[in-house]
Amino acid sequence: MQASEPTASVLRERYQRRMLEIRGAFEAGASGAATIAARASALDDLVRALWRQAVEQDARLKAGVALVAMGGYGRRELFPYSDMDLLFLLDGRLPEKQVKDAIRRLNQEMWDAGIRVSPATRKLAECERFDEENAEFAISLLDHRLITGDAALYTRLARQSVPKLLQRDHKAMMTRLLELTEARHAKYGGTLFHLEPNIKDCLGGLRDVHVCAWMTTLRSAGEQAGRNGGATESPEEGNDFGKAVEFLWLVRCFLHYRHERDDNTLDWQAQDAAAARAIGVDGGEPRGNDAAYWMRYYFRCARSVERRVRQRIGESAAVKAPSMLSGLRRERRAEEHHGFRVERGMAVLDAVDRSGQDAAADPDVVLDVFRAMAWTGCVLGRETEERLTRALPLLSAQLEEGPALWLRLQAILTGPHAGNALRTMHALGVLELLVPEFHGIDALVIRDAYHRYTVDEHTFVLIDTLHAMERPQKGPMAVWAERFGGVLRELPHAGLLYLAALMHDTGKGHSTDGHAVASRRMTENVLARLELDSYESGLVLGLIEGHLEMSSALRRDIFDIETVRGFAAKVQTPEALKMLTLFTYADINAVHPDALTPWKAENLWQLYIATANYLDRSVDDERVGAHEESELLHRVAAMLPGRKTEVAAFLEGLPERYVLTRSPEQVRRHFEMATRMDEDPVQLDFHYAPGVSELTLVTRDRAQLFANIAGALAAWGMNIVTADAFSNRQGMVVDSFRFTDSFRTLEMNVSEHANFVKSVHDVMTGQVSMEKLLSGRRRGRRKAPLVTVATRVEFDDEASSHSTLVEVIAQDTTGLLRALSLTVASFGCNIEVALVDTEGETAIDVFYLTRNGAKLEKGLEAELKEALVEAVNENASQS
């Protein structure tokens, strides 16, 4: 007599014990491959047992239904908390309503066991049709295998339906797969180098491993369509790609067990934990338990996957691809070069060059290949990459230095696709042959919560940004890219700018403090090998050593002639100014996608123009203010007939910065706000924009005014990027704040705009307590910082002729600007100008201060410094 099947609850308990055993094995050192295969096997057993129970209850289910694993489950790659794709395949003769209850019960039992099921029910004929709106189903079906049920029905799926689907629709499936891949890559900024990467969906992640396999299957559909498991690429031992895949499997298992859910984000805490346990690495790498070095290994693995997926995309160029392949210059016939050819967007090495030697070992041929990549956007085929990798020792022995090498390198650097050419050179080791100094920043991570990319990728993004200035762009930065692009086209030595860009951060591999000096020192060796003349070398070295000077100047009042004079003394020549301006624009943009805003670009342009005028000696310190003011007065008065005297009285005493930074329309608005103060003593003008919004306050001057409005903005979660505080001789204050909407409160809730303005108004009139507003904000938004920022307070009495400059660098916390402003006010100091910036977790607040109309005394500076540090610490403790 056959023993009865165990109950569903017993089956669930068995499965859960298996999960604990699998986790225990992983913690004891089991590989990622073994772990994901073990979970797939455990699910197979559970599904089969549950289906046997279903068949026992309803004999009609013995035929006409097959349970088929798809996707990751079909590949036997089921991670600890991943969901499972399960297809209930019907032959069409069995009515779906007869199996509906059985399917529902099985799915419910799986859910009760803690398994997330993604079920699909299809008739056999439906599996032969490709639906562009649900392409994911057809792609998942590429990875299919029978779990249980009607084996004959499954055989028809595997040998007839899937081959028919592939034969008829493989081109449409390839096109859709490319579109989906492009959209996913775009979502993550088109780069694998993220501060906290998603190891499944980011470029170079596990999804790209699957894309490589699917593309291989689709390309070979005509001859290999329908092979069972055809989408699986088994990693070969010793193969870089295979090692990378095994590493990613292991890390994803680690993340799932750590988070106890399907969370694939490698956040900072997970990086620390993975490094401490040396997840996926042997004893030789990374160095100790250093998370930054462990991440270098991760990025190298992800880069291996990225190279493979880009190769597959290039090999699929015959399919009409989306914009992922746009910009790639393809010829109908092969484009012949010495030692290689470019055909259908791929560079293919000849067997030998003209002298009869291996073309992959000829430096002239190899560098010409990368020049073609830089200028046409073509990619290297897999075979060409493998040949170059094998030929590196021979290539190194035959490489000559001097002016000829500089001409070759310059031709690569100045190509519109130089960034991608350099990335490939770097991945293959060719870039390090030319510039060994670059090796120190290979996949180097700087953990400062501000830089999005590794140091090497930051360099390539910077070069991409420079080249993008010469192409039409869309979006809010298009006008600025075009404007700065005009400066780039004026450069007589553009190649030197790109060389400086390539080398500017190489010192970070040896010193994170004062890396500019280290980078200069390393670049001196490169310039000596390339034999550049003294003038060219001077431009490159000066730009590298001073590449942070313009960013620093932007944290000063760029409308103060002392700022311009000091900055001009550092750049000295118009060409050096142009190079540094372009470099700074690209350098800020290469930090992370949102770092360069239209407001920052405008400030950069204003500083560039002011400094260029100063170097050309076309500026007159005494006359600019008066001239601009009289012109402004004339234009504003023209908009307000008969009120010129009133407008003049309003402008009287306002500083030159106000005159230079406000349009006549803005001044007219501010004047009209001032005239309405009898109706409401607090006049507010709010202008919302998705990037940077602006709030202007016009009211009578009084104590803590600046601090209170800063606090009100902080209470709403606004991140203040800059602020101006002006007052005229009548004691009228015009304070303007520009800020970003950190939590998208105003963007997602248009109805909140009026509430926001009213809230600020009520705080300014005293109707609402500031402390109450801020305390509610702190309770709702408290979050542990990723990095700890040491507080620094520095005074400068030389930067301005009329004010003392104080710079506060501290942890960015809610209400910090208000706390600093209150402290300044408590010492009887007036804030003439406030420049506020945030870099990741670091707040950089600069104030131009006066007391009784004069600079601060030394004794007062010491007392204020101590009080500011105390204010920072107290505010942090409350945040």
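In what follows, the accompanying structure is described. (Residues numbered from 1 in each chain as written. Predicted model: local features only at pLDDT ≥ 70, side-chain atom pairs only at ≥ 80, totals over all residues. Heavy atoms only, no water.)

A look at the pattern of salt bridges
Heads up, the rule is: When a carboxyl oxygen of Asp or Glu lies within 4 Å of a side-chain nitrogen of Lys or Arg, that pair is called a salt bridge. Secondary structure follows DSSP: runs of H or I at least 4 residues long count as helices, runs of E at least 2 residues long count as strands, and numbering of each begins at the N terminus. Only protein chains enter the calculation, and the probe is 1.4 Å; a residue is then buried if its accessible area is under 20% of its type maximum, exposed if over 50%, and partly exposed in between.
Counted under the stated rule, the structure contains 50 salt bridges. Among the salt bridges present, the one from D837 reaches K600, with a minimum N-O distance of 3.7 Å. Of the two residues, D837 sits in strand β15 (residues 830–839) while K600 sits in helix α25 (residues 598–615), which places them 237 residues apart along the sequence. Across the pair, K600 and D837 agree in class, each one buried. Note that R668 and E672 form a salt bridge whose closest N and O atoms lie 3.2 Å from each other. Of the two residues, R668 and E672 are both situated in helix α29 (residues 664–675); the distance of four residues between them amounts to about one turn of the helix.

Re the pairing of strand β10 (residues 693–700)
Which entries qualify depends on this criterion: Pairing between strands is defined by DSSP: at least two bridges between them are needed.
Here β10 lies mainly inside the structure; seven of its eight residues are buried. By the bridge criterion, five bridges tie strand β9 (residues 683–687) to β10 in an arrangement that is antiparallel. Its bridge partner lying in β10, H687 is registered against E694. Taking the residues between adjacent antiparallel strands as the criterion, β9 and β10 are bridged by five residues. Examined bridge by bridge, β10 and strand β12 (residues 732–741) share eight bridges and lie antiparallel to one another. Opposite E694, over in β12, you have R738 as the bridge partner.

A look at the packing of aromatic side chains
What counts is decided by this rule: To pair, rings of Phe, Tyr and Trp, with the six-membered ring standing in for Trp, must have centres within 6.5 Å; the planes then decide the type, stacked if under 30 degrees apart, edge-to-face if over 60, and tilted in the middle. When the NZ atom of lysine or the CZ atom of arginine is within 6 Å of a ring's centre and also within 35 degrees of its normal, the charge is said to sit over that ring.
Evaluation of the coordinates by the stated rule reveals 18 aromatic pairs. An angle of 50° between the planes, with centres 5.3 Å apart, marks the rings of W605 and Y608 as tilted. Of the two residues, W605 and Y608 are both situated in helix α25; the distance of three residues between them amounts to about one turn of the helix. For the residue pair W605 and Y608, the accessibility class agrees, reading buried in each case. Taken together through their ring pairs, the aromatic side chains of W480, F484, Y585, W605 and Y608 make up a single cluster. Positioned over the ring face of F137 is R122, at 4.4 Å from the centre of the ring. The cationic tip of R483 hangs over the ring face of W605; the distance from NZ or CZ to the ring centre is 5.4 Å.

Quick notes on the pairing of strand β1 (residues 65–70)
Most of β1 sits out of view: six of its six residues are buried. In β1, alternate side chains face the same way, and those of V65, L67 and A69 on one face and A66, V68 and M70 on the other are all buried. Sheet topology places β1 next to strand β2 (residues 84–90); six bridges connect them, and they run antiparallel. Note on β2: the bridge partner recorded for A66 is L89. As paired strands, β1 and strand β4 (residues 145–149) are joined by four bridges and run antiparallel to one another.

Quick look at helix α1 (residues 8–27)
Applicable threshold: In this scheme, a helix's expected span is set at 1.5 Å multiplied by one less than its residue total. The contact definition used throughout considers only heavy atoms, calling two residues in contact when any of these lie within 4.5 Å.
The end-to-end C-alpha distance of α1, which contains 20 residues, comes to 29 Å, matching closely the 28 Å that a straight helix rising 1.5 Å per residue would cover. Buried residues belonging to α1 abut α2 (32–57), α4 (96–112) and α9 (240–259). Once α1 ends, the next one or two residues include G29, with phi positive near 120°.

Focus: the sheet that holds β2
The line we're drawing: Fitting a line to C-alpha atoms yields each axis, with helices limited to the stretch in contact; the angle taken between N-to-C directions then spans 0 to 180 degrees.
As summarised here, the arrangement of the four strands in space is β3-β2-β1-β4, forming an open sheet in which the pairing is mixed. Only two strands of the sheet have a single neighbouring strand rather than two, namely β3 (117–123) and β4. Strand-to-strand twist of the sheet, defined as the mean angle between neighbouring strand axes without regard to direction, takes the value 25°. Summarising the sheet, β2 and β3 pair through seven bridges and their orientation is parallel. By the bridge assignment, D85 is partnered in β3 with S118. Its contacts with the sheet place α4 against β1, β2 and β3, and it is angled at close to 160° to β2. Sheet strands in contact with helix α6 (residues 151–187) are β1, β2 and β4, and its direction is about 50° off that of β1.

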